[in-house]
Amino acid sequence: MSQKEIHKVENISNPQRLQEYGVGVFQQISTKSALKKALKKNLLSVDGKIASTATLIVGGELIEYQSIKNNCNNRLVLNLEVVYEDEYLAVINKQAGILVSGNGFKTVANALAQNLKNSSAVDAVSPQPCHRLDYATTGLLLVGKTSSAITKLNQLFEHKKIEKEYFAVTIGGMDPVGSIHSNIDDKPAKSSFEVLESIVSERFSYLNLVKLSPHTGRRHQLRKHLLSIENPILGDATYFLTGLELKGKGLYLHAKSLRFQHPVTNEEMYIESKLPKKFTKLFPGQLYL
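No experiment lies behind these values; they were computed from the predicted model shown.

K.L.:
Let's hear about the packing of aromatic side chains: which residues, and what values?
P.N.:
This structure, assessed with the given rule, holds 2 aromatic pairs. With a centroid separation of 5.3 Å and 40° between ring planes, the pair formed by F26 and Y65 is classed as tilted. Pair noted here: F26 is in the loop between α1 (18-21) and α2 (32-40) and Y65 is in strand β6 (residues 62-68), with a separation of 39 residues, a long-range link. Side by side, F26 and Y65 carry an identical accessibility label, which is buried. Ring centres 5.6 Å apart and planes at 45° place the aromatic pair Y252 and F279 in the tilted group. Of the two residues, Y252 is situated in the loop between α5 (221-228) and β15 (253-261) and F279 in helix α6 (residues 277-282); the sequence distance between them amounts to 27 residues.

K.L.:
Provide a residue-level description of the environment of A51, including the pertinent values.
P.N.:
Structurally, the position occupied by A51 is in the loop between β4 (49-50) and β5 (56-57). Taking C-alpha positions, A51 is 8.1 Å from L18, a pair spaced 33 residues apart along the chain. Discounting chain neighbours no more than four positions away, the residues touching A51 are L18, L39, L44, S45 and V46.

K.L.:
Talk me through the nonpolar core; I want residue IDs and the actual numbers.
P.N.:
Counting residues in hydrophobic clusters, the biggest one holds 38 residues, and the most contacted among them are V169, L212 and L253. At the level of secondary structure, the elements contributing two or more residues to this core comprise β8 (89-94), α3 (108-115), β10 (138-146), β11 (163-171), β13 (190-201), β14 (205-214), α5 and β15. Beyond its immediate stretch of four places on either side in the chain, V169 contacts L207, N208, L209, P232, I233, L234, Y252, F279, L282 and F283. If you look at the next biggest cluster of nonpolar residues, it comprises 17 residues, including V25, I29, L35 and L43.

K.L.:
Describe the environment of S201, with residues and values.
P.N.:
Note that S201 resides in strand β13. Ignoring any residue separated from it by four or fewer positions in sequence, one finds S201 in contact with Y206 and L207.

K.L.:
Can you tell me about α2, naming the residues and giving the values?
P.N.:
Looking only at α2, the buried set comprises L35, A38 and L39. Buried positions in α2, seen along its axis, are confined to an arc of 100° and lie on one side of it. Along α2, exposed side chains directed more than 90 degrees from the buried face belong to K37 and K40. Positive backbone phi, approximately 60°, marks N42, located one or two places after α2.

K.L.:
Go over the side chain of K145 with me, naming the residues and quoting the values.
P.N.:
Mapped onto the fold, K145 is located in strand β10. What makes K145 buried here is its relative accessible area of 3%. Among the polar contacts made by the side chain of K145, one reaches the side chain of E85 at a distance of 2.8 Å. A polar contact of 2.9 Å, which involves the side chain of K145, links it to the backbone oxygen of D86. Ignoring sequence-local partners within four residues, the contact set of K145 consists of E85, D86, E87, Y88, L89, A90, K117, S119, A124, V125, P127 and I150.

Analysis parameters
- Residues numbered from 1 in each chain as written.
- Predicted model: local features only at pLDDT ≥ 70, side-chain atom pairs only at ≥ 80, totals over all residues.
- Heavy atoms only, no water.
- Phe/Tyr/Trp six-rings, centres within 6.5 Å; stacked < 30°, edge-to-face > 60°.
- Helix = DSSP H or I, 4+ residues; strand = E, 2+ residues; numbered from the N terminus.
- Buried < 20%, exposed > 50% of the residue type's maximum accessible area, 1.4 Å probe, protein only.
- Contact = heavy atoms within 4.5 Å.
- Core = buried A, V, L, I, M, F, W, Y, C linked by side-chain atoms within 4.5 Å.
- Arc of directions from axis to C-beta.
- Polar contact = N/O pair within 3.5 Å; in protein donor to acceptor, adjacent residues only side chain to side chain.

In C-alpha cells form, the structure reads like this:
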C-alpha cells in the first residue's frame, strides 16, 4: 500500500536543487542515494508535477512523496531516553537516524506522548519539540508540555537565551580554539570551537574531539562551518572532503548540553548528557564527559 506524505517548503535565501534540499525531509529518504531512487521511481512531485534531479526549490513549494507502506495501521513504538521532565517541559536524548518532526511516521514528535507523563497544568497540550536536531545528530532536545511553556521557550530560542553546546569529531589539524564567521544562506552565522583532544590517524591525518558553540541558528550551521575551514565532521555524508568519507558509522555530532532559564519557575537550568559510545571508543580518556 502507498501513503502520501507532504512537506511545505519554508522561505529559503538561495534556490536549491531538490536532490540537495530533499535529503532528510521525509523519514524514508535520509540519504542522497535514497532520494535519487525515489526520484527515479517518480515518487516525488513538486506543486503537483513529477520531480526530477533538476527540479529547483525556491521556497513555498509543496513537495509530495508517495511513500510505500507495508501496513499503514502499524502503531509507532519508539522508546525515548528522557533526561529531565517536569509538569511544563522535558528534555530527551535523541538517537541518530530519526527525524524530530515532519510528515513522516517515525518521528520524535509522534513518540513523545507515549514516553512522557501527562501534565496536570491547566494549559497542558500534546508535548512538542521546541527546536530541531538533524536526522543524523544525537543529543539533547527540549520539549514543551504546556502552551505557555512552548511559547516562552520559543521566545528564548528566538532571543538566543538558550545556550547549546555540541561535541563533534572532526578531521584534520585544527587550531586549539577559534571562531568561524561565514554567511550561511546569505545570513550572518558564527560558531566557536575548542579542541579537547587530538589523535593521529593514518587515514585522516588527525581526528579531534571538539566542543562547539553555535551563536546563531542556521540550518546545518556547524556542519557547514567546519567544512568551510576544511575540518569536516567525521561521518558527514553531505558536507565532506572528497576521499575522506566515513560510511556506516553515522555522523559524529552530539548535542551535549542545554543551559536556559525555566519558563515557569525561572530556575537556572543546566542539563547535559554523556557522549555516545562511538565517541569514547576513539577518545577513551573522555569516557565520563
